[in-house]
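Here are the chains, one letter per residue:
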Amino acid sequence: MKFFIDSAEVAEIQDLASTGLVDGVTTNPSLVAKSGRDFIDVLREICAIVPGPVSAEVTATELPAMLEEGRRLANLAENIVIKTPLTPDGLKACKALSDEGVRVNVTLCFSAAQAILAAKAGAAYVSPFVGRLDDVGSDGLRLIADIVEIYGVYPEFTTEVLVASVRHPIHVVEAARLGADVATLPPGVLRAMFRHPLTDKGLAAFLDDWAKTGQSILNRPEDGATDGSRPARRSA
Ligand code: G3P
């Protein structure tokens, strides 16, 4: 499963990219507004940090302007992926841009019917919003199951399922269980995936017991190394 970071906060993306666990980034107009920064500057900085796909959403709603915006954004960096909304013009733009070799992430997907249209329009990714469905009492993960099942029937459907609107680690775990290709995670969700109180407790106990031995792995008298530097490699 690929992990993308769902954010336009460059510092957050930089920090999480250093884990080596980040395969891409998704942004949207709300995330860009929240950053308080210039959209193009943010995209350029993110693309320089993360070599994987970086989704940038068009803000036009009609085909001609969508295409103009999409082409301009795609020219910023080779790893830019264009986001278009799941509307008739958004899918027309997806088809046209995909035919030009521009990867498109069709966003704001809330039904399997919409996901079928995205695949037929040649989308590289479709973004079903699981959290927002859960928020209104629907079953977001059920939609993921439906899309993965339907896409699996048709080899010509090469669109990757990019689980979006992720609210907590269980969304990630269950999406992985269902075989989704990608999950795009708010920074806090990725950080939450690392944490478990029993890990913290167990590590503290290991270190406490180790301290009682008085031993050191690096600073050993027989190696003659007392400054923590690596001892000379012994000859065979
Ligand atoms: O960026 C697309 C999607 O992940 C946004 O989800 O519901 O947290 O705004 P949401």
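The model shown is predicted, which means the values in this text are computed figures rather than measured ones.

## Points about the pairing of strand β1 (residues 2–6)
Step number 1: Counted residue by residue, β1 has four buried out of five residues, so it is predominantly covered.
Step number 2: Where β1 lies against strand β8 (residues 182–185), four bridges are found, and the strand directions are parallel. Each bridged residue has a counterpart across the sheet, and for Phe4 the counterpart in β8 is Thr184.
Step number 3: Inspection of the sheet shows β1 paired to strand β2 (residues 24–26) by three bridges, in the parallel sense. Bridge assignment links Ile5 to a residue of β2, and that residue is Val25.
Step number 4: Taking the sense of rotation as the criterion, the β-α-β connection linking β1, helix α1 (residues 10–17) and β2 turns out right-handed.

## A look at the side chain of Asn28
Step number 1: With respect to the helices, strands and loops of the structure, Asn28 is situated in the loop between β2 and α2 (29–35).
Step number 2: Look at Asn28 and you get buried, because its relative accessible area is 17%.
Step number 3: There is a polar contact of 2.9 Å between the side chain of Asn28 and the backbone nitrogen of Ser30.
Step number 4: Not counting chain neighbours up to four residues away, the residues in contact with Asn28 comprise Glu57 and Lys83.

## Observations regarding the environment of Lys95
Step number 1: Within the element layout of this structure, Lys95 appears in helix α5 (residues 88–99).
Step number 2: Distance in space between the C-alpha atoms of Lys95 and Ala123 is 7.4 Å, their sequence separation being 28 residues.
Step number 3: Contact partners of Lys95, with chain neighbours within four places excluded, come to Lys120 and Ala121.

## What about the site of the ligand?
Step number 1: All residues in the neighbourhood of the ligand are listed as Asp6, Asn28, Lys83, Phe129, Arg132, Ala164, Ser165 and Arg167.
Step number 2: Between the ligand and Asn28 there is a distance of 2.8 Å, counted from an oxygen atom to a side-chain nitrogen or oxygen.
Step number 3: Here an oxygen atom of the ligand and a side-chain polar atom of Ser165 are 2.7 Å apart.
Step number 4: For the ligand, the protein covers 84% of the area, taking 310 Å² as the surface of the free molecule.
Step number 5: More than half of the atoms of the ligand fall within 2 Å of the grid points belonging to the largest pocket.
Step number 6: Partitioning the shell around the ligand into residue classes produces two nonpolar, two polar and four charged.

Criteria and cut-off values
- Residues numbered from 1 in each chain as written.
- Predicted model: local features only at pLDDT ≥ 70, side-chain atom pairs only at ≥ 80, totals over all residues.
- Heavy atoms only, no water.
- Buried < 20%, exposed > 50% of the residue type's maximum accessible area, 1.4 Å probe, protein only.
- Helix = DSSP H or I, 4+ residues; strand = E, 2+ residues; numbered from the N terminus.
- Pairing = 2+ DSSP bridges.
- Right-handed = clockwise from strand over helix to strand, strands pointing away.
- Polar contact = N/O pair within 3.5 Å; in protein donor to acceptor, adjacent residues only side chain to side chain.
- Contact = heavy atoms within 4.5 Å.
- Near = heavy atom within 4 Å.
- Areas by Shrake-Rupley, 256 points an atom, 1.4 Å probe, with all protein chains shown as cover.
- 1 Å grid on protein atoms, 1.4 Å probe; cavity = no way out; pocket = protein on both sides within 12 Å on 5 of 7 lines; lining within 4 Å.
- Sits in = over half its atoms within 2 Å of the grid points.
- Nonpolar A, V, L, I, M, F, W, Y, C, P; charged D, E, K, R; others polar.

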